[in-house]
Amino acid sequence: VQLVESGGGLVQPGGSLRLSCAASGFTFSDYWMYWVRQAPGKGLEWVSRISSRGGIIHYGDSAKGRFTISRDNAKNTVYLQMNSLRIEDTAVYYCAADKNLVTILRRSHYDYWGQGTQVTVSS
């Protein structure tokens, strides 16, 4: 099983990035997918989640109106389009998968967890 995030990098405030998470080794279309981030020196923060077929989407307060989650089950990939980025969005962004809706922010509560991609927002 693998979740491989990509698309992170350095961007100026107000800029955009699109993160991708490619999944393999499990039936992607059966799983809720999540984006979770961890800023330097801080705990995990839930960003967004999308149901297995994409019909249910939720965003954390920090993501509402700026980020868009989507998935392509044919490509086994989930995306996070991030617009209007702020310095406080700087973090390692992880994707995670679980067959159920998970609301607890602990890695152990998710079936699968990626290695993360660094997003740095700085002028």
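In every chain, residue numbers begin from 1 and rise along the written sequence. For a predicted model such as this one, the threshold for reporting local features is a pLDDT of at least 70, and the threshold for listing and counting side-chain atom pairs is 80 or more; totals across whole chains, interfaces and linings nevertheless cover every residue. Note that the side-chain values use all heavy atoms of the structure and ignore hydrogens as well as water.

**Considering the side chain of arginine 37**
Now for step 1: Structurally, arginine 37 is set in strand β4 (residues 32-38).
Now for step 2: Under the relative-accessibility criterion, arginine 37 is labelled buried at 5%.
Now for step 3: Counting of polar contacts relies on pairs of N or O atoms within 3.5 Å, with two restrictions inside protein: one atom must be capable of donating a hydrogen and the other of accepting it, and residues adjacent in sequence are counted only when both atoms are side-chain atoms. Within polar-contact distance, the side chain of arginine 37 engages the side chain of tyrosine 93 at 2.9 Å.
Now for step 4: Contacts between residues were defined by any pair of non-hydrogen atoms, one from each residue, lying within 4.5 Å. Not counting residues within four places of it along the chain, the set of residues in contact with arginine 37 comprises Gly43, Leu44, Glu45, Val47, Ser62, Phe67, Glu88, Asp89, Ala91, Val92 and Tyr93. The numbering of helices and of strands both runs from the N terminus, where a helix is a DSSP run of H or I of at least 4 residues and a strand a run of E of at least 2. Type-normalised accessible area, obtained with a 1.4 Å probe on protein chains alone, sets the label of each residue: buried when under 20%, exposed when over 50%, and partly exposed for intermediate values.

**Concerning the pairing of strand β5 (residues 44-50)**
Now for step 1: Only when DSSP finds a minimum of two bridges between them are two strands counted as paired. As paired elements, β4 and β5 share 6 bridges and run antiparallel to each other. Within β5, the position partnered with tryptophan 35 by the bridge is serine 48.
Now for step 2: The antiparallel hairpin formed by β4 and β5 contains 5 residues in its connecting segment, where glycine 41 sits at a positive phi of about 75°.
Now for step 3: Examined bridge by bridge, β5 and strand β6 (residues 57-59) share 3 bridges and lie antiparallel to one another. Within the sheet, the bridge partner assigned to serine 48 lies in β6 and is tyrosine 59.

**Things to note about the pattern of salt bridges**
Now for step 1: Within this document, salt bridges are pairs made up of a side-chain nitrogen of Lys or Arg and a carboxyl oxygen of Asp or Glu, the two lying within 4 Å of each other. If you walk through the whole model with that rule in mind, you get 4 salt bridges.
Now for step 2: Put simply, aspartate 89 and arginine 66 hold a salt bridge, and the shortest N to O gap is 2.7 Å. Separated by 23 residues along the polypeptide, aspartate 89 in the loop between β8 (77-82) and β9 (91-98) and arginine 66 in the loop between β6 and β7 (67-72) bring together distant segments of the chain.
Now for step 3: On the accessibility criterion, aspartate 89 (0% relative accessible area) is buried.

**Here's the deal with the nonpolar core**
Now for step 1: In these notes, a set of buried Ala, Val, Leu, Ile, Met, Phe, Trp, Tyr and Cys residues joined through side-chain atoms within 4.5 Å is what counts as a nonpolar core. Residues Met33, Trp35, Leu80, Met82 and Tyr93 are the most contacted members of the largest nonpolar core, which totals 27 residues.
Now for step 2: If you list the elements that add at least two residues to this core, you get β3 (17-24), β4, β5, β7, β8, β9 and β11 (117-121).
Now for step 3: Those residues in contact with leucine 80 that lie beyond four places of it in its chain are Leu17, Arg18, Leu19, Trp35, Val47, Ser48, Phe67, Thr68, Ile69 and Tyr93.
Now for step 4: Counting 8 residues, the second largest nonpolar core, distinct from the first, contains Trp32, Tyr34, Tyr110 and Trp113.

**Regarding the sheet that holds strand β1 (residues 2-6)**
Now for step 1: In spatial order, the strands read β1-β3-β8-β7; together these 4 strands make up an open sheet with antiparallel pairing. Of all the strands in the sheet, just β1 and β7 have a single pairing partner and so form its edges. Along the sheet, successive strands turn relative to each other by an average axial angle of 15°, direction set aside.
Now for step 2: As judged from the 6 bridges shared by β3 and β8, these two strands associate in the antiparallel manner. Within β8, the position partnered with cysteine 21 by the bridge is valine 78. Angles shown run from 0 to 180 degrees and are taken between the N-to-C directions of axes, each axis being a line fitted to C-alpha atoms and, for helices, limited to the stretch in contact.

**Structural notes on unusual backbone geometry**
Now for step 1: Phi is positive for asparagine 76, close to 55°, though the residue is something other than glycine.
Now for step 2: Tracing the sequence through the fold places asparagine 76 in the loop between β7 and β8.

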